[in-house]
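Structure at a glance
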Amino acid sequence: MKLSDIMGAANLSAYAEVAMILFIIAFVAIVIAIFAPGRQQTYDAASRMPLDDEHPQTPR
Amino acid sequence: MNARLDSFSYDDDIVRKFLWATMIWGLVGFLVGLIIALQLPLPGFNVSPYLTFGRLRPLHTNAVIFAFAGNAWFTGAYYSTQRLLKTRMWSDGLSAFHFWGWQAIIVSAALTLPFGITQSKEYAELEWPIDIAIAVVWVAFAINYFVTLTKRRERHIYVAIWFYIASIITVAILHIFNNLSVPAGWLKSYSIYAGVQDAFMQWWYGHNAVAFFLTTPFLGLMYYFMPKAADRPVFSYKLSILHFWTLVFLYIWAGPHHLHYTALPDWASTLGMLFSVMLWMPSWGGMVNGLLTLRGAWHKVTEDPILKFFVVAVTAYGMSTFEGPMLSVKSVNALAHYTDWIIAHVHTGALGWNGFLTFGMVYWLAPRLFQAEMYSKKLVNLHFWLATFGILLYVVAIYSAGATQGLMWRAFDETGRLQYPDFVETVMRLMPMYWVRVVGGTLYITGMILGIYNVYKTWAARPATYEVPVVQAAPLNPEPEAMHPVAGGAWARFASAQWHRKWEGMPLFFTVMVTVAVIVASLFEIIPTFLIKSNVPTIASVKPYTPLELAGRDIYQREGCFNCHSQMIRPLTYETERYGDYSKPGESVYDHPFLWGSRRIGPDLAREGGKYPDLWHVRHMNNPREITQKSIMPAYPHLLTNTIDFPTIQKHVDAMAMIGVPYGDAVNKAPEMAKAQAAQIAASIEAAGGPKGLADKEIVALTAYLQRLGRDLKNASGTAQQAAPAAKPIALNASGGSR
């Protein structure tokens with residue numbers, strides 16, 4: 001019996017749908033995490049990093 | 001707070017090197033593009049055997065992607081990474097190794113592709129020794145990069161660097177898995193995958209080469225250099241994080257949209273379409289983020305050519321990432337696939353997004369790196385306008401070429417027959433558009449030449465020795481920031497997103513997460529494609545190529561025939577009407593590598609076998625215009641004089657046998673079998689009144705291969721003639737098949 005027989009019998013084509021749902025959950029989690037309130041200051045500091053070649057951001 | 005400050009300096013020498021490489025290779029890549037653009041309306045521009053369209057087209061794509069865009073990314077990455085991390089690159093030696101190694105690889109590409117040394121998978125043409133060299137150089141780059149990350153003096157890693165990290169990791173994975181092959185000599189190898197699976201791997205790679213070589217690295221550059229040039233922070237840092245994670249999660253799935261209506265299983269193609277459509281939103285989020293970075297600075301755009309370049313670059317990114325999802329919708333793709341529409345699409349991306357972002361970055365960097373005033377702002381402006389009009393002419397002409405040819409292919413007349421049954425008629429219609437492209441390309445190249453001159457003059461005005469500023473920064477506190485308690489239970493802790501901030505502080509862990517996202521997505525798509533047997537039903541009558549046909553197939557690959565001829569008939573009426581029964585997945589189980597092609601500059605060849613007599617092929621290869629007066633195919637007279645290298649056929653058959661092609665007897669006596677078949681074909685050519693003494697010439701091998709195409713299926717359905725091209729039910733042998 002070859003590996004492809006075993007995998008064929010396992011009927012894994014539903015994997016794609018499962019994966020898609022997992023990825024959408026991960027995506028929603030990231031969106032919530034990013035837009036949750038309370039991090040604005042951190043983001044503001046981070047966004048200024050490219051403009052600040054000489055002096056590092058504080059606090060690090 | 002630390003009282004102690006470290007003093008250090010940045011390595012700008014490596015940035016200067018990469019900047020020069022970007023400009024010089026860019027010019028070379030564009031010039032090769034101009035040559036192949038001229039070869040289409042003027043077949044005389046093909047210089048057989050080394051400088052034909054089929055051999056130069058891969059050189060153009062490789063030069064532009066890996067030499068121009070690659071060096072541009074490295075230029076910006078070495079400049080911005082050191083500054084964002086407040087540290088010098090960990091090892092100057094590894095940086096230099098990366099630089100010289102990468103240039104050596106580019107040179108070796110230029111030295112192998114015109115000689116027909118190719119794996120014939122798009123953007124992965126380079127043969128296995130060069131592939132290994134690429135892997136070694138890439139690992140050196142990655143080691144240098146990740147150790148530098150650990151030496152950083154900033155806790156937070158800016159989003160541009162996330163994009164670089166994801167690109168470094170993903171490119172490595174893609175490169176290794178798509179290039180797995182069995183060598184058959186120093187400059188020849190066969191992909192370990194065949195047919196459908198090889199096609200799937202190739203476009204998983206091909207699409208993500210676009211994603212992780214031409215998109216994410218350049219987004220990293222955008223998120224650093226646009227704020228720099230506009231002198232204001234990015235519009236929304238939140239949006240940039242969202243942009244990053246969605247691209248990492250979504251891009252890797254999109255590859256199958258390159259294979260709509262082919263023999264790829266339908267579910268894979270639908271999945272590819274779905275994820276491609278989803279990609280539209282984050283891409284536009286990123287575009288909006290880039291454009292809005294200029295909020296309140298729009299008056300600067302009118303004065304500063306660098307910002308002009310950036311604005312057009314980001315707009316082109318928006319256009320191509322709108323068009324990409326649209327093209328991935330199956331019904332749109334049915335029209336656009338195999339036509340110039342795709343060529344126009346990639347050139348919006350490459351000329352507009354990659355090119356203009358690179359030019360903006362180069363003009364911003366040049367005065368800073370060479371520590372002299374930019375030689376001429378006027379010339380920068382002129383470059384901008386020349387290149388902008390060049391792009392417009394190019395894409396408008398080629399979009400209409402694509403739509404025109406696509407519509408002509410599918411046109412039926414009132415009697416229900418193809419309106420343009422003669423393929424060459426659909427090609428002739430494109431010639432005016434091809435000339436406009438030549439003009440557009442020339443304008444773009446003229447801009448590039450001005451750019452090189454301008455940078456050269458700036459460099460010429462450099463100080464005798466470059467000033468190396470000493471930067472001071474406090475070392476990173478070895479204690480990572482503790483998570484401070486958050487009231488309100490698990491939800492509030494999650495929402496406070498401290499975990500994400502902690503990840504960002506741990507580059508290694510962060511890298512692992514990106515890798516997991518990429519690999520998991522790939523596996524979910526790849527495992528079913530590879531391991532579920534029903535995805536590739538075997539067809540009993542499909543047999544391996546004979547040794548001579550295999551030798552012919554090698555010649556087909558060497559000459560790059562697949563750059564203009566597909567071997568994949570889609571199950572659409574106007575295709576089956578024109579070319580014959582649609583292609584089945586089981587037909588290409590011995591095709592290492594697959595040669596389905598992606599563009600039809602000439603007709604499909606999947607059912608070419610038996611259409612014409614042997615002598616027709618001899619005359620056609622010798623001079624296509626002797627057969628079809630308006631043909632734009634290059635002439636291949638050398639095939640009638642080059643002798644077949646019979647002893648190497650054995651090596652090639654053995655390599656194929658090693659990857660599981662059931663060659664049986666041929667494993668022992670491939671050259672003898674090849675000679676016998678060659679003598680037969682040569683005799684038939686001679687009997688038909690053709691030239692004598694072709695029995696050991698390459699043309700015989702190629703003819704054998706072309707005459708074999710599509711024959712297995714005709715044998716199965718019992719019809720030797722092309723008389724009834726409509727789809728016939730095929731006896732599928734699901735249990736055993738010919739394996």
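Residues numbered from 1 in each chain as written. Chains lettered and ligands numbered in written order. Predicted model: local features only at pLDDT ≥ 70, side-chain atom pairs only at ≥ 80, totals over all residues.

Another point: the overall build of chain A. Along its length, chain A carries three helices and zero strands. Reading the helices (α) and strands (β) of chain A from amino to carboxyl end gives α-α-α. Taken over 60 residues, chain A has a buried fraction of 18%. (Helix = DSSP H or I, 4+ residues; strand = E, 2+ residues; numbered from the N terminus. Buried ≥ 20, exposed ≤ 12 C-beta atoms within 10 Å, placed from the backbone.)

Turning to the overall build of chain B, a few remarks are in order. From N to C terminus, chain B includes 26 helices and four strands. If you line up chain B on its principal axes, its C-alpha atoms span 90 × 60 × 55 Å. Evaluated residue by residue, chain B yields a buried proportion of 55% over its 739 residues. A fraction of 83% describes how many contacts in chain B between residues 6 or more apart in sequence connect residues 24 or more apart. (Contact = placed C-beta atoms within 7 Å.)

So, about unusual backbone geometry. Glycine aside, residues mostly have negative phi, and peptide bonds are mostly found in the trans state. Residues and elements named next belong to chain B. In this structure, the amide linkage connecting S48 to the following residue, P49, adopts the cis form with an omega of -5°. Residue position: P49 is located in the loop between α1 (13-39) and α2 (53-85). In this structure, the amide linkage connecting H592 to the following residue, P593, adopts the cis form with an omega of -10°. Here P593 shows up in the loop between α20 (573-579) and α21 (614-622). A positive phi angle is found at S120, which is not glycine, with a value near 55°. With respect to the secondary-structure elements, S120 resides in the loop between α3 (92-112) and α4 (128-150).

Another point: the packing of α1 of chain B against helix α15 (residues 431-460) of chain B. All names here are of chain B. Packing of α1 against α15 leaves a shortest axis separation of 10 Å and a crossing angle of 165°. Judged on the interaxial angle alone, α15 and α1 are roughly antiparallel. The handedness of the crossing between α1 and α15 is left-handed. Where α1 abuts α15, its residues M23, G26, L27, F30, L31, G33, L34, A37 and L38 lie against Y434, R437, V438, G441, T442, Y444, I445, M448, I449, G451, I452 and V455. (Axes fitted to C-alpha atoms, helices over the stretch in contact; angles between N-to-C directions. Parallel < 35°, antiparallel > 145°, perpendicular 65-115°, else oblique. Left-handed = near helix turned anticlockwise from the far one by under 90°.)

What follows concerns the environment of T628 of chain B. Within the secondary structure layout, T628 of chain B lies in the loop between α22 (624-627) and α23 (646-658). For T628 of chain B and A72 of chain B, which are 556 residues apart along the polypeptide, the C-alpha to C-alpha distance reads 44 Å.

This paragraph deals with the domain arrangement of chain B. Residue and element names in this part refer to chain B. According to the domain assignment, chain B consists of domain 1 (8-466) and domain 2 (547-717). On a C-alpha basis, the centres of domain 1 and domain 2 stand 33 Å from each other. On the domain 2 side, the residues contacting the 44 residues of domain 1 number 49 residues. Those elements giving two or more residues to the side of domain 1 that touches domain 2 turn out to be α2, β3 (189-191), α6 (195-230) and α14 (423-428). Its residues assigned to classes, the side of domain 1 that touches domain 2 shows 24 nonpolar, 14 polar and six charged. (Domains from an automatic or database assignment. Nonpolar A, V, L, I, M, F, W, Y, C, P; charged D, E, K, R; others polar.)

As a further point, take the confidence of the model for chain B. Residues and elements named next belong to chain B. Model confidence for chain B is summarised by a mean pLDDT of 90, while 92% of its residues fall at 70 or above. Mean pLDDT values for the elements of chain B range from 64 in helix α17 (residues 498-505) up to 98 in α15. This model gives residues 719-739 a pLDDT under 50, and the stretch forms 40 contacts once residues within four places in sequence are excluded. For this predicted complex, the interface confidence reaches an ipTM of 0.83, while the overall pTM sits at 0.91. (pLDDT = per-residue confidence, 0-100.)

Let us look at the confidence of the model for chain A. In the predicted model, chain A carries a mean pLDDT of 73, and the fraction of residues at 70 or more is 63%. No element of chain A has a lower mean pLDDT than helix α1 (residues 3-9) of chain A, at 64, and none a higher one than helix α3 (residues 40-47) of chain A, at 86.

The next point concerns the nonpolar core. Residues and elements named next belong to chain B. Among the nonpolar cores identified, the biggest contains 227 residues, and V248, A313 and A701 are the most heavily contacted of them. The element that contributes the greatest number of residues to this core is α6, accounting for 23 residues. Here this core gathers at least three residues from each of two domains, domain 1 (8-466) and domain 2 (547-717). Those residues in contact with A313, other than ones at most four positions away along the chain, are G352, W353, F356, L357 and G360. (Core = buried A, V, L, I, M, F, W, Y, C linked by C-beta atoms within 7 Å.)

A few words now on the environment of G195 of chain B. All names here are of chain B. In this structure, G195 sits in helix α6. Residues G195 and W138, spaced 57 residues apart in sequence, show a C-alpha to C-alpha distance of 29 Å. Excluding its chain neighbours within four sequence positions, the residues that come into contact with G195 are P585, S588, V589, D591 and F594.

Quick look at the environment of A606 of chain B now. All names here are of chain B. Relative to the helices and strands, A606 is located in the loop between α20 and α21. Residues A606 and L418 lie 188 residues apart in sequence; the distance between their C-alpha atoms is 19 Å. Setting aside residues up to four positions removed in sequence, A606 forms contacts with Q567, M568, I569, Y579, S583, L709 and G710.

Taking 1.5 Å of rise per residue, 20 residues should cover 28 Å, and helix α5 (residues 159-178) of chain B covers 28 Å from first to last C-alpha, within 8% of that figure. For α5 of chain B, the tally of buried residues reaches 15 of 20 residues, placing the bulk of the element in the interior. (Expected span 1.5 Å × (residues − 1).)

Take the packing of α21 of chain B against helix α25 (residues 698-708) of chain B next. Residues and elements named next belong to chain B. At a minimum axis separation of 10 Å, α21 and α25 run at an interaxial angle of 120°. Considering their axes alone, α21 and α25 lie oblique with respect to each other. Crossing of α21 over α25 shows right-handed handedness. On α25, the residues touching D614, H617, V618 and M621 of α21 are I699, L702, T703, L706 and Q707. Per-class residue counts for the contact of α21 with α25 are five nonpolar, three polar and one charged.

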